[in-house]
Every structure is written in structure tokens, then in C-alpha cells.
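Chain residues, written in single-letter form:
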Amino acid sequence: MSNDHGDIDDPLERLERNERQGVLAFRYVLLSVVAVVALAAVIVMIQGGISDECADGRALCLTADRVEVVVLPLLLSIGLAVMSGVTTYRRWNQHIRWRPWLYATYAMWMVTTAYLLMSSSVVFVRSA
């Protein structure tokens, strides 16, 4: 049975529900990182690698295949970070332990930033 605010009458069931949130949030972040890296790997495998079409002497090389390797997984990571934030709000609204999801949201934004910085520096910048 539950009250108006989503509280569960059984203390053991409430404790189990709250204790699961940390594991679920950690699993979400871990699987999200795997999904972003897997998408980037699939894009590279489908395209047959990153081409060396840039013949000019400039330091940046912005070809379509290079942009796809950065942008598509980045969009997935942003979407997963936003979904983590939505989950945080929903857990908070249901009076469920929401702090692990807040930490997961922080972690997802850090993963998004790290992917953007690492992938764009590896893919776009050419070594002379």
C-alpha cells in the first residue's frame, strides 16, 4: 500500500527500494559509457576508418566522416545525461532516494565533456 506522496507503508520494502537506487544509477552510467564508445566504434567500422582526405596543410581536418565520429556519440551522450537528470527529478518527486541519480547526472555530463574533448582532439587535429 502507498500513501499520497508515494511513501510505502512497509519499512523493509521502502529500504530495499531506496538501496537499489545506487546500484541502478551506477549501472546506468557504466552502460551509458559503453553505449557511447560502442556507437563511436560502430561508426568507425561502418565507414572503414577515418579517411585522410585533407590534403591542405592546415591543422584542422573537418570531413564528414570525422564529424560523424564526434557528433553522433556526443548527441547520444547528451541525451543520456538529460535522461539521467529526468530520472533524478522523478525519483525526487516520488520521494525515492535521488542523490545517486544526481551523482549519475554529474558523471554523465563529465563523460559527455570528456568524450567531446578527447574525440575532437584525436579526430580533428592532424599531426604534422
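Quick caveat: nothing in here was measured; it's all calculated off a predicted structure.

Enquirer: How do you make sense of the overall build of the protein chain when you look at a structure like this?
Expert: Looking only at helices and strands, the protein chain features three helices and zero strands. Along its sequence from the N terminus, the protein chain presents helices and strands in the succession α-α-α. In the protein chain, buried positions account for 31% of the 128 residues. Of all intrachain contacts in the protein chain linking residues separated by at least 6 positions in sequence, the fraction that spans at least 24 positions is 71%. Counting only carbon and sulfur atoms, one obtains 67% of the accessible surface of the protein chain, whose full area is about 8400 Å².

Enquirer: In this structure, what is going on with the nonpolar core? I would like to understand it.
Expert: If you look at soluble globular proteins, the nonpolar side chains tend to sit buried side by side. Core analysis: the biggest nonpolar cluster contains 17 residues, and Met-108 and Tyr-115 have the highest contact counts within it. Non-local contacts of Tyr-115, meaning those with residues more than four positions away in its chain, are made with Val-36, Ala-40, Val-69, Val-70, Pro-73, Leu-74 and Ser-120.

Enquirer: Would you mind going over the packing of helix 2 (residues 64-93) against helix 3 (residues 99-124) with me for this structure?
Expert: A pair of packed helices can be characterised by two numbers: the angle between their axes and the separation between those axes. Between helix 2 and helix 3, the shortest axis-to-axis distance is 8 Å and the interhelical angle comes to 175°. Classed by the angle they form, the pair helix 2 and helix 3 counts as roughly antiparallel. Considered class by class, the residues forming the contact of helix 2 with helix 3 number 19 nonpolar, nine polar and two charged.

Enquirer: When you look at a nonpolar patch on the surface in this model, what are you seeing that I'm missing?
Expert: Judged by side-chain polarity, Val-67, Val-71, Leu-72, Leu-75, Ile-78, Val-82, Met-83, Val-86 and Trp-109 come together as a nonpolar surface patch covering roughly 690 Å² of accessible area. At eight residues, helix 2 tops the list of elements feeding residues into the nonpolar patch. Along the chain, Ile-78 turns up in helix 2.

Conventions and cut-offs
- Residues numbered from 1 in each chain as written.
- Predicted model: local features only at pLDDT ≥ 70, side-chain atom pairs only at ≥ 80, totals over all residues.
- Heavy atoms only, no water.
- Helix = DSSP H or I, 4+ residues; strand = E, 2+ residues; numbered from the N terminus.
- Buried < 20%, exposed > 50% of the residue type's maximum accessible area, 1.4 Å probe, protein only.
- Contact = heavy atoms within 4.5 Å.
- Areas by Shrake-Rupley, 256 points an atom, 1.4 Å probe, with all protein chains shown as cover.
- Core = buried A, V, L, I, M, F, W, Y, C linked by side-chain atoms within 4.5 Å.
- Axes fitted to C-alpha atoms, helices over the stretch in contact; angles between N-to-C directions.
- Parallel < 35°, antiparallel > 145°, perpendicular 65-115°, else oblique.
- Nonpolar A, V, L, I, M, F, W, Y, C, P; charged D, E, K, R; others polar.
- Patch = residues over 30% accessible without salt bridge, like charges linked within 9 Å, V, L, I, M, F, W, Y side chains within 5 Å.
- Salt bridge = Lys/Arg side-chain N within 4 Å of Asp/Glu carboxyl O.

This is a description of form; function is not addressed.
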